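Structure assessment
Spelled out, the chains give:
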Amino acid sequence: MNFERVVFGFFIILTLSLNYAFVAGGLETPAHHNVWILTLTIIANLVAIGLKMGDRSQTGALLMASGLVAGLLLITARVVWIVADPGGGGGPGPGAMADIVSIATGALVANIIATVILVGDTLLSRR
């Protein structure tokens, strides 16, 4: 068993799971979306990107690209949250929350793509 692949797979799946946990809930309801889950999703995504540095394979390039897309979208969602709630009280309003969740949903798509690539690569390498 390749420990490096286990750790990388862990962070890819953790990022996907946290991203889904943040997106799940009512689109415009701030109480359904925790800012700390969004922040943890960003951190897990950055760790996964860091673990892919130096991989020169085609699969590695695709995983890096999907990780960068997800990271950019998640950081954008967090910045929108900060701008929409500068005082840190009560969370963003319904309109801003809909924007934040929509952006995070785009990151969720990128994380699903990364997970599918990882699983597909793993299945192909087993033969």
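Residues numbered from 1 in each chain as written. Predicted model: local features only at pLDDT ≥ 70, side-chain atom pairs only at ≥ 80, totals over all residues. Heavy atoms only, no water.

In the annotation of an unreviewed UniProt entry, the entry for the protein reads DUF6394 family protein, and the organism field reads Halomonas rhizosphaerae.

**Re the UniProt feature "transmembrane region" (unreviewed entry) in the protein**
Applied cut-off: UniProt positions are given in the numbering used here, feature names are shortened, and annotations may be inferred rather than shown by experiment. Numbering of helices and strands runs from the N terminus; a helix is a DSSP stretch of H or I covering at least four residues, while a strand is a stretch of E covering at least two.
UniProt marks residues 7-27, 33-51, 63-84 and 96-119 with the feature "transmembrane region" (unreviewed entry), using the numbering shown here. Secondary structure within residues 96-119 divides into 100% helix and 0% strand; the distance between the first and last C-alpha atoms comes to 35 Å.

**Brief notes about the pattern of salt bridges**
The line we're drawing: Should a side-chain nitrogen of Lys or Arg be within 4 Å of a carboxyl oxygen of Asp or Glu, the pair is scored as a salt bridge. Only protein chains enter the calculation, and the probe is 1.4 Å; a residue is then buried if its accessible area is under 20% of its type maximum, exposed if over 50%, and partly exposed in between.
One pass over the structure, following the stated rule, counts 2 salt bridges. Salt-bridge contacts for Arg5 lead to Asp121; the nearest nitrogen and oxygen are separated by 3.2 Å. Highlighted residues: Arg5 in helix H1 (residues 3-23) and Asp121 in helix H4 (residues 94-125), separated in sequence by 116 residues. Judged by its relative accessible area of 38%, Arg5 is partly exposed. Among the residues examined, Asp121 registers a relative accessible area of 22% and is labelled partly exposed. Linking Asp55 and Lys52 is a salt bridge whose minimum nitrogen-to-oxygen distance equals 2.6 Å.

**With respect to the packing of H1 against H4**
Selection rule: As a rule, the C-alpha atoms of each element are fitted with a line to give its axis, helices using only the stretch in contact, and angles between N-to-C directions run from 0 to 180 degrees. Each angle receives one of four descriptions, namely roughly parallel if under 35 degrees, roughly antiparallel if over 145, roughly perpendicular if within 65 to 115, and oblique otherwise. Crossing handedness is defined as follows: a turn of the near helix away from the far one that is anticlockwise and smaller than a right angle gives a left-handed crossing, while the clockwise case is right-handed. Any residue that is not Ala, Val, Leu, Ile, Met, Phe, Trp, Tyr, Cys, Pro, Asp, Glu, Lys or Arg is counted as polar, Gly included; the first ten are nonpolar and the last four charged.
Between H1 and H4, the least distance of the axes is 9 Å, while the angle of their chain directions is 150°. When the axes of H1 and H4 are compared, the pair comes out roughly antiparallel. As for how H1 packs across H4, the hand of that crossing is left-handed. When the residues that make up the contact of H1 with H4 are grouped by side-chain class, the tally is 14 nonpolar, 7 polar and 2 charged.

**Concerning empty space enclosed by the protein**
Which entries qualify depends on this criterion: Of the grid points, spaced at 1 Å and generated over the protein atoms alone, those admitting a 1.4 Å probe that cannot get out make up cavities, while open sets with protein on both sides within 12 Å along at least five of seven lines make up pockets; any residue with an atom within 4 Å of a point is treated as lining. Grid points are joined across faces, edges and corners, and a volume is the space filled by probe spheres set on the points.
Enumeration over the complete set of coordinates arrives at 1 cavity of 30 Å³ or more. Empty space within the largest cavity amounts to approximately 90 Å³. Along the walls of the largest cavity sit 13 residues, with Ile12, Asn45, Ala48, Leu63 and Gly67 positioned nearest its centre. In terms of residue class, the lining of the largest cavity is built from 7 nonpolar, 5 polar and 1 charged.

**Let's talk about the side chain of Asp85**
Selection criterion: None of His or the chain ends enter the tally, which takes Lys and Arg as positive and Asp and Glu as negative. The contact definition used throughout considers only heavy atoms, calling two residues in contact when any of these lie within 4.5 Å.
Counting through the fold element by element, Asp85 comes out in the loop between helix H3 (58-84) and H4. With no salt bridge to any partner, buried Asp85 finds its closest opposite charge in Arg78, at an N-O distance of 7.3 Å. Discounting chain neighbours no more than four positions away, the residues touching Asp85 are Gly91 and Pro92.

**Description of the nonpolar core**
Keep this limit in mind: In these notes, a set of buried Ala, Val, Leu, Ile, Met, Phe, Trp, Tyr and Cys residues joined through side-chain atoms within 4.5 Å is what counts as a nonpolar core.
In terms of nonpolar packing, the biggest core is built from 15 residues, with Phe22, Val23, Leu38, Leu74, Trp81, Met97 and Ile100 touching the most fellow members. If one sorts the elements of this core by residue count, H4 sits on top with 6 residues. Every residue in contact with Phe22, bar those within four places of it in the chain, is listed here: His32, His33, Asn34, Ile37, Leu38, Trp81, Ile100 and Ala104.

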